[in-house]
Amino acid sequence: MSYLEQMAKFDEENLPTLDEVVMWALELFIANPPSKLDISEFKKPLIAWSGNAIVTARNIFSKTDAIFCDETQIDEYLDKDIDWLIICSSSGDKHAIVFAQKAKNKWIKTKLLTCNPKAWTIDIIGLENTVITLKNREPYTYNTSTYMWWMFAVTWEKPQEIKDFIEKEIDSKLKTIDFSKYKAYLMVTPDKLGWINEMFVRKFFELFWRHLARDVFTFEQVKHSITVHPCDGELAFSFGEWDFYFVWDRINFPLPVKSDLATMMTIGYYVIWKIQKSIPPYYKNNIKTYLENTWKSEFGKWLKVIVD
């Protein structure tokens, strides 16, 4: 059964793990290569984002004079000298609606980058100002295929090569690890890909919260007294062959020579959810209750366990 055939079969009682979703996303983009995002019309845009969209947004607009803000800063930044507001939101709902309405009230031209063709924000800014990108159906918070498309559209990495590398190189390493021995994790990433770390930290929060200790740093950051104190039952992952002081167990995961953000994201996510298979399913046990409570608020009334 192909990865995409597996994807079509899961439901709320049988949610997949993130490593499975990673492979589904890669297979989707092997069959449907992302196209290039044309951002040439934006000279000094304000990029508004929430959650992990910040990493992909910064990557897309890294060569422009863009400024960035989240939901806590939008009022201040809409008053700056900008030519567009660009909302990067996989759902196109939640805070994206707030961003769009505030910009409309100030007569600021607005674009939406989203994966949701039914996003309520489209009603505010118009379909002509919306870029809708391809994604798979995934459990809420996973946001793997959503952000992966946006990365591929900038980095032009090859999803087939990443998929092959995971199956040939990363899986063999993971099979040597007894995750049941560990209660804490340190992830160390290459400096040039360090801005992906924010995504990994948030993913640990979303999936494990305080049930696991974790930290994520670049190779240069970890030199600054990060590993002074040994912790029994801790495992360090390093992505790429780098040396740093660490008392307890450590494993190095190779990276392809021309790795960029999409490669680092997919391999990192794949490793994180191999951890989950050795511990209680915290996410699966709690996500439905969490969403049922968010439905009571205006912010969460659209949210579903599975995002189609």
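In the block above lies the structure referred to throughout.
Here is what the cut-offs are and how they apply
- Residues numbered from 1 in each chain as written.
- Predicted model: local features only at pLDDT ≥ 70, side-chain atom pairs only at ≥ 80, totals over all residues.
- Heavy atoms only, no water.
- Salt bridge = Lys/Arg side-chain N within 4 Å of Asp/Glu carboxyl O.
- Helix = DSSP H or I, 4+ residues; strand = E, 2+ residues; numbered from the N terminus.
- Buried < 20%, exposed > 50% of the residue type's maximum accessible area, 1.4 Å probe, protein only.
- Disulfide = S-S within 2.5 Å.
- Contact = heavy atoms within 4.5 Å.
- Axes fitted to C-alpha atoms, helices over the stretch in contact; angles between N-to-C directions.
- Parallel < 35°, antiparallel > 145°, perpendicular 65-115°, else oblique.
- Left-handed = near helix turned anticlockwise from the far one by under 90°.
- Nonpolar A, V, L, I, M, F, W, Y, C, P; charged D, E, K, R; others polar.
- Pairing = 2+ DSSP bridges.
- Right-handed = clockwise from strand over helix to strand, strands pointing away.

With that out of the way, let us pick up the pattern of salt bridges. Tallied over the entire structure, the rule returns 15 salt bridges. Measuring nitrogen to oxygen at the nearest pair gives 3.9 Å for the salt bridge that ties Lys111 to Glu41. With Lys111 in strand β4 (residues 110-114) and Glu41 in the loop between α2 (18-31) and β1 (45-49), this residue pair connects regions lying 70 residues apart in the sequence. Lys111 sits in the buried class, given a relative accessible area of 16%. A salt bridge links Asp249 to Lys181, with the nearest nitrogen and oxygen atoms 3.8 Å apart. Taken together, the residues span a long stretch of sequence, with Asp249 in strand β10 (residues 249-253) and Lys181 in the loop between α8 (159-174) and β7 (184-189) at a distance of 68 residues. Classification of Asp249 by relative accessible area gives partly exposed; the value is 33%.

Each disulfide consists of one covalent bond between the sulfur atoms belonging to two cysteines. This structure, assessed with the given rule, holds zero disulfides. Free cysteine: Cys115, not disulfide-bonded; nearest cysteine sulfur from Cys88 at 10 Å.

With that settled, consider the environment of Phe61. If you trace the backbone, Phe61 turns up in the loop between α3 (53-60) and β2 (67-69). Beyond its immediate chain neighbours, meaning those up to four positions away, Phe61 contacts Ile39, Phe42, Ile47, Ala66, Phe68, Ile86 and Cys88.

Okay, the packing of helix α9 (residues 197-208) against helix α11 (residues 261-276) next. Where α9 meets α11, the axes come as close as 11 Å, and the angle between the chain directions of the two elements is 25 degrees. By the angle class used here, α9 and α11 are roughly parallel. Handedness of the α9/α11 crossing: right-handed. Between α9 and α11, the residues in contact are Met199, Phe200, Lys203, Phe204, Leu207 and Phe208 and Met264, Met265, Gly268, Tyr269, Ile272, Trp273, Ile275 and Gln276, respectively. By residue class, the composition of the contact of α9 with α11 is eleven nonpolar, two polar and one charged.

Here we come to the sheet that holds β10. Read from one edge of the open sheet, four strands run β8-β7-β9-β10, paired in parallel fashion. Edge positions in the open sheet fall to β8 (213-218) and β10, since each of these has one partner strand only. Strand-to-strand twist in this sheet, taken as the mean axis angle between neighbours without regard to direction, amounts to 15 degrees. The pairing of strand β9 (residues 234-239) with β10 spans five bridges and is parallel. Looking at β10, one finds that Leu235 is bridged to Asp249. Each of β7 and β8 touches α9; the most contacted strand, β8, lies at about 175 degrees to it. Across the face of the sheet, α11 comes into contact with β7, β9 and β10 while running at roughly 160 degrees to β9.

This brings us to the packing of α2 against helix α7 (residues 145-155). Where α2 meets α7, the axes come as close as 10 Å, and the angle between the chain directions of the two elements is 45 degrees. The orientation of α2 with respect to α7, classified from their angle, is oblique. Handedness of the crossing formed by α2 with α7: right-handed. Contacts between α2 and α7 pair Val22, Ala25, Leu26 and Phe29 from the former with Ser145, Met148, Trp149 and Phe152 from the latter. Taken together, the residues of the contact of α2 with α7 break down into seven nonpolar, one polar and no charged.

Glancing now at the pairing of β8. Here six bridges tie β7 to β8, and the two strands are oriented parallel to one another. Among the inter-strand pairings, Met187 is bridged to a residue of β8, identified as Val216. On the question of chirality, the crossover connecting β7 to the parallel β8 by way of α9 is right-handed.

All right, on to the pairing of β9 then. Burial analysis of β9 places six of its six residues in the buried class, the great majority of the element. Covered by surrounding structure in β9 are Glu234, Ala236 and Ser238 together with Leu235, Phe237 and Phe239, the residues of both alternating faces. Pairing analysis gives five bridges linking β7 to β9, with the strands arranged parallel. Note on β9: the bridge partner recorded for Met187 is Phe237.

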